[in-house]
Amino acid sequence: MYIVKMVCSNDMVVEDTKVIDERTREIRLRYDKETREKIATVRNRYKRLAYSDVVHFHGLNLVAEERVPEIREVVKEADREMKNISPELYAKLIEIPLGEEVIKQGKLYEQIYYAILAQMSKEILRHVERLKSEVPTARTKKNLIKLIDSFERLNVIGDERINRQIEELKRITNMRVAEIKETIMKDLDYVLGEIEKLF
């Protein structure tokens, strides 16, 4: 498992500041508006790509080792696009390997396990809350199953309990939308309670 962080040039680089009075400061930015928008667009697009299917754990992004080369390629492409805007701009990847023995020590393993469950529940809830109908349509079910299948990539610790939970989540797609929401909210409350106990 790895901790990964994509670091990019910032669009709001301050080139100069001038104090006008004790309540006023004039700031001069390095890049014009059009360049700032280009930088922000590249940064946001590639961070979204790099961080898809990562486990968000207390501000850290955890990924399985096999996912790291894919993220490296995304960051290389982001770096090329940044340099196309201006040669001094960049994107780079910070990657820190975590040994299995470190993860299995103490409560860390269980904390990661529950963080994965919480992330899965939140993503399903976010998806289901946008639904308008009372019963999921065939297309909605298909999209939900696709979302749930994507959770396999979140199982960065390879825990069989997560695989079982993924299979259980597939079964709820046959429920009414209100029942799905209620089930997921109960699951999320339980998981958040367990996370709280571990800290």
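Residues numbered from 1 in each chain as written. Predicted model: local features only at pLDDT ≥ 70, side-chain atom pairs only at ≥ 80, totals over all residues. Heavy atoms only, no water.

### Considerations on the overall build of the protein chain
What counts here: Numbering of helices and strands starts at the N terminus; helices are DSSP runs of H or I of at least 4 residues and strands are runs of E of at least 2. In this setup the radius of gyration rests on C-alpha atoms only. A globule is expected at 2.2 Å times the number of residues raised to 0.38. Whether two residues are in contact is decided by their heavy atoms: any pair within 4.5 Å suffices. Using a 1.4 Å probe, accessible areas were evaluated by the Shrake-Rupley method; residue-level cover was limited to the displayed protein chains. Positive charges come from Lys and Arg alone, negative charges from Asp and Glu alone, with His and the N- and C-terminal ends not counted. Lysine's charge is taken at NZ, arginine's at CZ, aspartate's at CG and glutamate's at CD.
Summing up its helical and strand segments, the protein chain has 7 helices and 6 strands in all. Of the regular secondary structure in the protein chain, the N- to C-terminal order runs β-β-β-α-β-β-α-β-α-α-α-α-α. Computed over its C-alpha atoms, the radius of gyration of the protein chain comes to 21 Å, more than 25% above the 16 Å expected for a compact globule of 199 residues. Overall, the C-alpha framework of the protein chain stretches about 60 × 45 × 40 Å when taken along its three principal axes. For the protein chain, the proportion of contacts with a sequence separation of at least 24, taken over those separated by at least 6, is 70%. Total accessible area computed for the protein chain in this model is approximately 12,400 Å², and 49% of it derives from carbon and sulfur atoms. When the 38 positive and 37 negative side-chain charges of the protein chain are each reduced to one mean point, those points stand 3 Å apart.

### Considerations on helix α1 (residues 33–50)
Since there are 3.6 residues in each turn of an α-helix, residues three or four apart along the chain are aligned in direction. Operational definition: Any helix carries an expected span of 1.5 Å times its number of residues minus one. Exposure classes here rest on a 1.4 Å probe applied to the protein chains alone. A residue is buried below 20% of its type maximum, exposed above 50%, and partly exposed in between. What the arc describes is the spread of directions from the helix axis to the C-beta atoms.
Along its 18 residues, α1 runs 26 Å from first to last C-alpha, staying within 8% of the 26 Å computed at 1.5 Å per residue. Among the residues of α1, those classed as buried are Thr35, Arg36, Ile39, Ala40, Val42, Arg43, Tyr46 and Ala50. For α1, the arc enclosing every buried residue in end-on projection is 165°, short of the 170-degree limit, so these residues lie on one face. Opposite the buried face of α1, by more than 90 degrees, sit the exposed residues Lys33, Glu34 and Arg48.

### Here we look at the confidence of the model for the protein chain
The line we're drawing: Scored between 0 and 100, pLDDT is the confidence that the predictor attaches to each residue.
Within the protein chain, residue pLDDT values average 87, and 97% of them lie at 70 or more. The secondary structure element of the protein chain with the lowest average pLDDT is helix α3 (residues 100–104), at 70, and the one with the highest is helix α2 (residues 68–85), at 95.

### Here we look at the sheet that holds strand β4 (residues 55–57)
Going by this rule: At least two bridges found by DSSP between two strands is the condition for calling them paired. Note on definitions: angles span 0 to 180 degrees between N-to-C directions of axes, and those axes are lines fitted to C-alpha atoms, for helices only across the stretch in contact.
Taken in spatial order, the 4 strands line up as β4-β5-β1-β6 in an open sheet, and their pairing is antiparallel. Edge positions in the open sheet fall to β4 and β6 (91–97), since each of these has one partner strand only. Across the sheet, the mean angle separating the axes of adjacent strands is 35° when strand polarity is ignored. Of the strand pairs in this sheet, β4 and strand β5 (residues 60–63) are connected by 3 bridges, and their pairing is antiparallel. Its bridge partner being in β5, His56 is matched across the sheet by Asn61. Its contacts with the sheet put α2 on β1 (2–8), β5 and β6, and the angle it makes with β6 is roughly 160°. Along the sheet face, helix α4 (residues 108–129) touches β4 and β5 and points at about 120° away from the line of β4.

### Here we look at the packing of aromatic side chains
Cut-off, in case you're wondering: Here is the rule: rings of Phe, Tyr and Trp (six-membered ring for Trp) pair when centre to centre is within 6.5 Å. Planes less than 30 degrees apart are stacked, more than 60 are edge-to-face, and the remainder are tilted. By the criterion adopted, a ring carries a charge over it if an Arg CZ or a Lys NZ lies within 6 Å of its centre and within 35 degrees of its normal.
According to the stated counting rule, one finds 1 aromatic pair in the structure shown. The ring of Tyr113 carries Arg161 above its face, with NZ or CZ at 3.7 Å from the centroid.

### Concerning helix α7 (residues 177–198)
Here α7 is 22 residues long and its end C-alpha atoms lie 32 Å apart, about the 32 Å a rise of 1.5 Å per residue gives. Among the residues making up α7, those that are buried are Val177, Ile180, Ile184, Leu188, Val191, Glu194, Ile195 and Leu198. Projected onto a plane normal to the axis of α7, the buried residues spread over an arc of 125° and lie on a single side. What points out from α7, more than 90 degrees from its buried face, is the exposed set Ala178, Lys186, Asp189, Glu196 and Lys197. Contacts made by the buried residues of α7 are with α4, α5 (138–150) and α6 (160–171).

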